[in-house]
Amino acid sequence: MHRAKALQGTVLYGLRHFFASNCLGRGIPITDVAEWTGHRSIEITFKTYRHLMPGSIGMAAKILDLGLVA
């Protein structure tokens, strides 16, 4: 019985990770993903998934540049 609970926990964790990874990979804001996954802070989400957002700082800089020029 103990092994079945451990397997169930592993499956649920894997699904949660899959969900969060897909959300961030498709551009959903990290603040939303942090809330949906139940992380106590956005820092936890960022440390876990930052590798999925390699261009986010560059994209933010471009958006700010465009806004300042307009």
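Bear in mind that the values here come from a model prediction, so they are computed numbers and not experimental data.

**Q** How should I be thinking about the overall build of the chain in this particular structure?
**A** When helices and strands are counted, the chain shows four helices and zero strands. Order of helices (α) and strands (β) in the chain, N terminus to C terminus: α-α-α-α. Relative to its full complement of 70 residues, the chain shows a buried share of 17%. When contacts within the chain are restricted to residue pairs at least 6 apart in sequence, long-range pairs at least 24 apart make up 27% of them.

**Q** Help me understand a nonpolar patch on the surface, please; the structure alone is not making it clear to me.
**A** Together, Val-11, Leu-12 and Leu-15 line one region of the surface with nonpolar side chains, adding up to about 290 Å² of accessible area. What makes Val-11 partly exposed here is its relative accessible area of 46%.

**Q** It is not clear to me how the packing of aromatic side chains should be interpreted in this structure. Could you clarify?
**A** In this description, an aromatic ring pair is defined by two values, namely the gap between the centres and the angle between the planes. Under the defined criterion, the tally for this structure stands at one aromatic pair. A ring pair is formed by Phe-19 and Trp-36, whose centres lie 6.1 Å apart and whose planes are at 50 degrees; its orientation type is tilted. Linking Phe-19 in helix H1 (residues 2-25) with Trp-36 in helix H2 (residues 30-37), this pair joins segments that are 17 residues apart in sequence. Classification of Phe-19 as partly exposed rests on a relative accessible area of 39%.

Rules used throughout
- Residues numbered from 1 in each chain as written.
- Predicted model: local features only at pLDDT ≥ 70, side-chain atom pairs only at ≥ 80, totals over all residues.
- Heavy atoms only, no water.
- Helix = DSSP H or I, 4+ residues; strand = E, 2+ residues; numbered from the N terminus.
- Buried < 20%, exposed > 50% of the residue type's maximum accessible area, 1.4 Å probe, protein only.
- Contact = heavy atoms within 4.5 Å.
- Patch = residues over 30% accessible without salt bridge, like charges linked within 9 Å, V, L, I, M, F, W, Y side chains within 5 Å.
- Areas by Shrake-Rupley, 256 points an atom, 1.4 Å probe, with all protein chains shown as cover.
- Salt bridge = Lys/Arg side-chain N within 4 Å of Asp/Glu carboxyl O.
- Phe/Tyr/Trp six-rings, centres within 6.5 Å; stacked < 30°, edge-to-face > 60°.

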